[in-house]
Amino acid sequence: MGINDIRIGQGYDVHALAEGLPMWLGGVRIGSAEEGFVAHSDGDVAIHALCDALLGALALGDIGKHFPDTSAEFAGIDSKILLARVRDMVSERGWAVANIDVTIALQRPKIGQYVTQMRSVLASVLGIEPERVSVKATTTERLGFVGRGEGCEVWAVALLFR
């Protein structure tokens, strides 16, 4: 395997929190959440960051380019559908996912109990083993907009190979 056979991409996304909305993270409904993410789609900030990482690895732009928040087609859409479409873009170009690493910064609710399920869901959508999917949850120690409980931010990295 040479340098032309691997690609790495990094993604980042942020969503504000608001009452009365469901919280989706990593393809999993967070039942303990009192608030959810403000977004055009279902607001799954983890999947959005992951889509950007996968798209970035192949220099295909970002999630907004492919799934604009001005399009009625994507209003309320399940972000797992978006991830599946990005997975297809990757495979159509002859690439496969080696592994992904996702870091979720959220002050509350605590989401550690959902990490295993997130890994399983993301692996299933991507067609890889859960052992190749890392999901980590952290807080910002009450600092910044995340620490004040105003929103969530997620970083994702994806390694592709062919």
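In this text, all values refer to a predicted model and were calculated from it rather than measured experimentally.

## As for the sheet that holds strand β4 (residues 35–37)
Point 1. With respect to topology, five strands assemble into an open sheet ordered β4-β1-β7-β5-β6, the strand pairing being mixed. Each edge of the open sheet is held by one strand with a lone partner, namely β4 and β6 (133–138). Taking the axes of each pair of neighbouring strands and ignoring which way they run, one obtains an average angle of 20° across the sheet.
Point 2. Sheet analysis places strand β1 (residues 6–19) next to β4, joined by three bridges and oriented antiparallel. Bridge pairing in β4 links Leu17 to Phe37.
Point 3. Helix-sheet contacts for helix α1 (residues 45–57) involve β1, β4, β5 (96–105) and β7 (151–161), and the interaxial angle to β1 is about 155°.

## What about the pairing of β7?
Point 1. Here β1 pairs with β7 via 11 bridges, running antiparallel. Counted as the bridge partner of Gly11 is Ala156 from β7.
Point 2. Bridge count between β5 and β7: nine bridges; the pairing is antiparallel. Residue pairing in the sheet places Asp101 in a bridge with Val157 of β7.

## Points about the pairing of β6
Point 1. Sheet topology note: the β5/β6 ladder contains six bridges and is parallel. Each bridged residue has a counterpart across the sheet, and for Thr103 the counterpart in β6 is Lys136.
Point 2. Since β5 and β6 lie parallel, the crossover through helix α4 (residues 115–126) that links them has a hand, and here it is right-handed.

## Thoughts on the pattern of salt bridges
Point 1. This structure, assessed with the given rule, holds six salt bridges.
Point 2. For Asp88, the salt bridge goes to Arg87, with nearest N and O atoms at 2.9 Å.
Point 3. By relative accessible area, which is 30% here, Asp88 ends up partly exposed.
Point 4. Using a relative accessible area of 27% as the deciding quantity, one classes Arg87 as partly exposed.
Point 5. For the salt bridge of Arg148 with Glu150, the shortest nitrogen-to-oxygen distance reads 2.8 Å.
Point 6. Overall, the relative accessible area of 52% leaves Arg148 in the exposed class.
Point 7. Taking relative accessible area as the criterion, Glu150 reaches 39% and is therefore assigned partly exposed.

## What about the layout of surface pockets?
Point 1. Reported here for the largest pocket is a volume of approximately 240 Å³.
Point 2. When contributions to the lining of the largest pocket are tallied by element, the ones reaching two or more residues are β1 and α2 (63–66).
Point 3. Class assignment for the residues of the lining of the largest pocket results in seven nonpolar, five polar and two charged.

Cut-offs applied
- Residues numbered from 1 in each chain as written.
- Predicted model: local features only at pLDDT ≥ 70, side-chain atom pairs only at ≥ 80, totals over all residues.
- Heavy atoms only, no water.
- Pairing = 2+ DSSP bridges.
- Helix = DSSP H or I, 4+ residues; strand = E, 2+ residues; numbered from the N terminus.
- Axes fitted to C-alpha atoms, helices over the stretch in contact; angles between N-to-C directions.
- Contact = heavy atoms within 4.5 Å.
- Right-handed = clockwise from strand over helix to strand, strands pointing away.
- Salt bridge = Lys/Arg side-chain N within 4 Å of Asp/Glu carboxyl O.
- Buried < 20%, exposed > 50% of the residue type's maximum accessible area, 1.4 Å probe, protein only.
- 1 Å grid on protein atoms, 1.4 Å probe; cavity = no way out; pocket = protein on both sides within 12 Å on 5 of 7 lines; lining within 4 Å.
- Points joined across faces, edges and corners; volume = space filled by probe spheres on them.
- Nonpolar A, V, L, I, M, F, W, Y, C, P; charged D, E, K, R; others polar.

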